Amino acid sequence: GRPSEATLDMIQEGLDHISAYLTDLATRSGQPPQQIIDRFLKQHARLNPTNDWNRYSKYFTHYTERELERLRKSGSFTGSIDIRKKCYELFKKEYRDTWHEILVKFEESTQYTETGKTVAQRQQLFNKSVKRFTQ
């Protein structure tokens with residue numbers, strides 16, 4: 001449900017501390033705050049499995065036949081309602097060392113073809129991609 005006012009206040013206080021620390025770190029390191037945030041998220045993205053599940057869901061939708069074929073080959077197809085979950089487990093097993101990077105790159109590649117983005121949003125996406133390639 002919706003967080004209480006006390007919880008929201010606690011979160012805001014924590015975010016204020018993070019913001020102050022980020023500003024200080026940016027000043028001391030000479031790096032832009034966004035670059036520090038991007039680096040942090042890149043290093044700690046695995047802490048949030050929901051993101052990976054959401055990425056895989058998009059990947060599954062795009063490559064359904066390939067993923068179902070992996071499931072059929074595994075011999076563990078039981079006709080269960082939760083086919084996508086089993087496919088996700090097999091995907092991570094098959095690409096044990098690179099599955100996360102595959103999903104991140106897939107997500108990035110689909111962002112370039114999404115409709116409804118403004119010119120500013122596309123410019124921001126382009127700048128973000130350039131930074132990744134030049135780091």
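The structure presented is a predicted model; accordingly, all values stated were derived computationally and were not measured. (Residues numbered from 1 in each chain as written. Predicted model: local features only at pLDDT ≥ 70, side-chain atom pairs only at ≥ 80, totals over all residues. Heavy atoms only, no water.)

A.B. asks: Residue-level account of the packing of aromatic side chains, with values.
C.D. replies: Taken as a whole, this structure holds twelve aromatic pairs when the rule is applied. Consider the rings of Tyr88 and Trp99, whose centres lie 6.2 Å apart with planes at 90°: the pair is edge-to-face. Of this pair, Tyr88 sits in helix 5 (residues 83-94) while Trp99 sits in helix 6 (residues 99-111), placing them eleven residues apart in sequence. A connected cluster of aromatic rings, assembled from ring pairs, spans Trp53, Tyr56, Tyr59, Phe60, Tyr63, Tyr88, Phe91, Tyr95, Trp99 and Phe106. Here Arg66 stacks its cationic end above the ring of Tyr63, 4.1 Å away from the centre of that ring. If you follow Lys92 out to its NZ or CZ, it ends over the ring of Trp99, 5.3 Å from the centre. (Phe/Tyr/Trp six-rings, centres within 6.5 Å; stacked < 30°, edge-to-face > 60°. Helix = DSSP H or I, 4+ residues; strand = E, 2+ residues; numbered from the N terminus. Lys NZ or Arg CZ within 6 Å of the ring centre and 35° of its normal.)

A.B. asks: Give me the lowdown on the nonpolar core, citing residues and values where you can.
C.D. replies: Of all hydrophobic cores here, the largest spans twelve residues; its members are Tyr56, Tyr59, Phe60, Leu68, Leu71, Cys87, Tyr88, Leu90, Phe91, Trp99, Leu103 and Phe106. Of all the secondary structure elements, the ones that give two or more residues to this core are helix 3 (49-62), helix 4 (64-74), helix 5 and helix 6. For Trp99, the residues in contact, after removing those within four places along its chain, are Asp52, Tyr88, Phe91 and Lys92. (Core = buried A, V, L, I, M, F, W, Y, C linked by side-chain atoms within 4.5 Å. Buried < 20%, exposed > 50% of the residue type's maximum accessible area, 1.4 Å probe, protein only. Contact = heavy atoms within 4.5 Å.)

A.B. asks: Can you break down the confidence of the model for the protein residue by residue, with the values?
C.D. replies: The predicted model of the protein has a mean per-residue pLDDT of 81, with 81% of residues at 70 or higher. By mean pLDDT, helix 7 (residues 119-134) is the weakest element of the protein at 70, and helix 1 (residues 5-29) is the strongest at 93. (pLDDT = per-residue confidence, 0-100.)

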